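In case you want the letters, here they are:
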Amino acid sequence: MRRITRPNAQFQVWEALLHNRNKRQRAGEFVVQGVRPINLALEYGWQVRAVVYDAERTLSRWALGVLERVPTGHVAMAPELLAQLSGKDEEVPELVIVVGLPEDDFARITVTEERPFLGVVFDRPTTPGNVGTIARSVDAFGGGALIITGHSADPYDPRSVRASTGSLFAVPVVRAASHQVVIEWVDGLRAAGSPLRVVGTDEQGSAVIAEADLTGPTLLVIGNETHGVSSGWREACDVMVRIPIGGAASSLNAASAATVALYEAARQRG
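Model, not experiment: these values are computed from the prediction.

1. Some points on the nonpolar core
Now for step 1: One finds Phe-30, Ile-97 and Leu-146 to be the most contacted residues of the largest nonpolar core, which totals 53 residues.
Now for step 2: Take this core: its biggest share by element is seven residues, from helix 10 (residues 254-268).
Now for step 3: The residues that make up this core include at least three from each of domain 1 (2-100) and domain 2 (106-269).

Here is the structure:
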């Protein structure tokens, strides 16, 4: 066990992980805050590199259980420092964990014949909270993956992890440089016999989403919050669908649109 009572080099590295995407990527790790995200990171076997806990309080049964499940990498930290790693202004948490970043590898995504695959592509998202919210919806409606394409918000930003309420650890999230990389993966699945259909969402889509067949293997494409689906993705999609809306709203928020589309796919699948 180590003790950190002042802002030393290790503390500064961990604090930087909260605010700096490049440092998260270089270090290959990120900070996880909150009981449910921590529980799910452990449940799904993510690599925990450190458990950082309050050095001055009597820990709860839950916190002691986390320390028992992760027998190495324990760090006792002064509460005023731990507060800076917690993302909370008032309450100091019992502990946070530092977790290794997974590889952006399509092999993490399972596509089987037993159950029709359902996944989401989020094209060039700009808001970490939307990334986390969509990961939560993918998890809730039986989806098998979230793929992030292009220059985008970081799914391992603390705001994304919090918005996912831990679903980020239950659903494979894979980043791809462009839509071409994803289409190559789709083509490989099709060549192996999976009739995966790529379905884009857009307010001008040619078909109403409820009339589109989402019962087979499906990859839903959600566009950037401001500009929508890119021209590259439009060409790659087998069909573009729209979600009928009324009122004064001109369109749905990207995360809301993804949730509606996932619900419709789950509804069709019974």
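2. Re the sheet that holds strand 4 (residues 74-77)
In a beta sheet, neighbouring strands are held together by backbone hydrogen bonds and run either parallel or antiparallel to one another.
Now for step 1: Judged by pairing direction, the sheet is mixed, and its five strands sit side by side in the order 1-4-3-5-2 without closing on themselves. Taken across any chain shown, the strands that pair with only one partner, and hence form the sheet edges, are strand 1 (2-4) and strand 2 (29-32). Pairs of neighbouring strands in the sheet enclose a mean axial angle of 25°, with direction left out of account.
Now for step 2: Pairing between strand 3 (residues 48-54) and strand 5 (residues 95-100): five bridges, direction antiparallel. Paired with Tyr-53 across the two strands is Leu-95, which belongs to strand 5.
Now for step 3: Relative to the sheet, helix 3 (residues 35-43) contacts strand 2, strand 3 and strand 5, its axis offset from that of strand 5 by approximately 40°.

3. Here's the deal with the domain arrangement of the protein chain
Now for step 1: Partitioning the protein chain into structural domains gives domain 1 (2-100) and domain 2 (106-269).
Now for step 2: For domain 1 versus domain 2, the separation of C-alpha centres amounts to 31 Å.
Now for step 3: Counting residues at the interface gives 13 residues for domain 1, matched by 16 residues for domain 2.
Now for step 4: Together domain 1 and domain 2 conceal approximately 1,400 Å² of surface at their shared face, both sides included; 56% is due to carbon and sulfur atoms.
Now for step 5: Scanning the region where domain 1 abuts domain 2 turns up two salt bridges.
Now for step 6: Its salt-bridge partner being Arg-24, residue Asp-157 comes within 3.9 Å of it at the nearest N-O pair.
Now for step 7: Between the two partners, domain 1 and domain 2, sit six residue pairs in polar contact (both at pLDDT 80 or more).
Now for step 8: Those elements that place two or more of their residues in the side of domain 1 that touches domain 2 are helix 2 (21-27), strand 2 and helix 3.

4. With respect to the sheet that holds strand 9 (residues 197-201)
Now for step 1: What the seven strands build is an open sheet, ordered 8-7-6-11-9-12-10; its pairing is parallel. Bordering the open sheet on either side are strand 8 (173-176) and strand 10 (207-208), each of which pairs with just one other strand.
Now for step 2: With five bridges joining them, strand 6 (residues 118-123) and strand 7 (residues 145-149) adopt parallel strand pairing. Within the sheet, the bridge partner assigned to Val-120 lies in strand 7 and is Leu-146.
Now for step 3: Helix 10 rests against strand 6 and strand 11 (218-222) of the sheet, and its axis sits at about 160° to strand 11.

5. Observations regarding the pairing of strand 9
Now for step 1: Across the five residues that make up strand 9, a large majority, four, are buried.
Now for step 2: Looking at chain direction, strand 9 and strand 11 are connected through four bridges and run parallel. Among the inter-strand pairings, Gly-200 is bridged to a residue of strand 11, identified as Val-221.
Now for step 3: The sheet contact formed by strand 9 and strand 12 (residues 239-242) spans three bridges and is parallel. Bridge pairing links Gly-200 to Met-240 in strand 12.

6. Re the pattern of salt bridges
Now for step 1: Inspection of the entire model under this criterion finds eleven salt bridges.
Now for step 2: Here Asp-157 and Arg-159 are joined by a salt bridge, their closest N and O atoms 2.9 Å apart.
Now for step 3: Overall, the relative accessible area of 9% leaves Asp-157 in the buried class.
Now for step 4: Look at Arg-159 and you get partly exposed, because its relative accessible area is 48%.

7. Remarks on the environment of Arg-159
Now for step 1: Position of Arg-159 among the secondary structure elements: in helix 7 (residues 158-163).
Now for step 2: It is 27 Å that separates the C-alpha atoms of Arg-159 and Arg-3, two residues lying 156 residues apart in sequence.
Now for step 3: Dropping the residues within four chain positions of it, Arg-159 is found in contact with Pro-128 and Gly-129.

8. Side note on the environment of Val-221
Now for step 1: Looking at the element boundaries, Val-221 is found in strand 11.
Now for step 2: Beyond its immediate stretch of four places on either side in the chain, Val-221 contacts Val-121, Val-198, Val-199, Gly-200, Thr-201, Val-229, Trp-233 and Cys-237.

9. Quick word on the packing of aromatic side chains
When we look at a pair of aromatic rings, we describe it by the centre distance and by the angle of the planes.
Now for step 1: On inspection of all chains with the given rule, the structure shows seven aromatic pairs.
Now for step 2: Taken together, a centroid distance of 6.3 Å and an interplanar angle of 80° make the contact between Phe-30 and Trp-46 edge-to-face. Note that Phe-30 is positioned in strand 2 and Trp-46 in the loop between helix 3 and strand 3, a separation of 16 residues in sequence.
Now for step 3: The exposure class assigned to Phe-30 is buried, which follows from its relative accessible area of 0%.
Now for step 4: For Trp-46, a relative accessible area of 14% translates into the label buried.

What counts and how
- Residues numbered from 1 in each chain as written.
- Predicted model: local features only at pLDDT ≥ 70, side-chain atom pairs only at ≥ 80, totals over all residues.
- Heavy atoms only, no water.
- Core = buried A, V, L, I, M, F, W, Y, C linked by side-chain atoms within 4.5 Å.
- Buried < 20%, exposed > 50% of the residue type's maximum accessible area, 1.4 Å probe, protein only.
- Helix = DSSP H or I, 4+ residues; strand = E, 2+ residues; numbered from the N terminus.
- Domains from an automatic or database assignment.
- Pairing = 2+ DSSP bridges.
- Axes fitted to C-alpha atoms, helices over the stretch in contact; angles between N-to-C directions.
- Contact = heavy atoms within 4.5 Å.
- Buried area = accessible area lost by both parts, 1.4 Å probe.
- Salt bridge = Lys/Arg side-chain N within 4 Å of Asp/Glu carboxyl O.
- Polar contact = N/O pair within 3.5 Å; in protein donor to acceptor, adjacent residues only side chain to side chain.
- Phe/Tyr/Trp six-rings, centres within 6.5 Å; stacked < 30°, edge-to-face > 60°.

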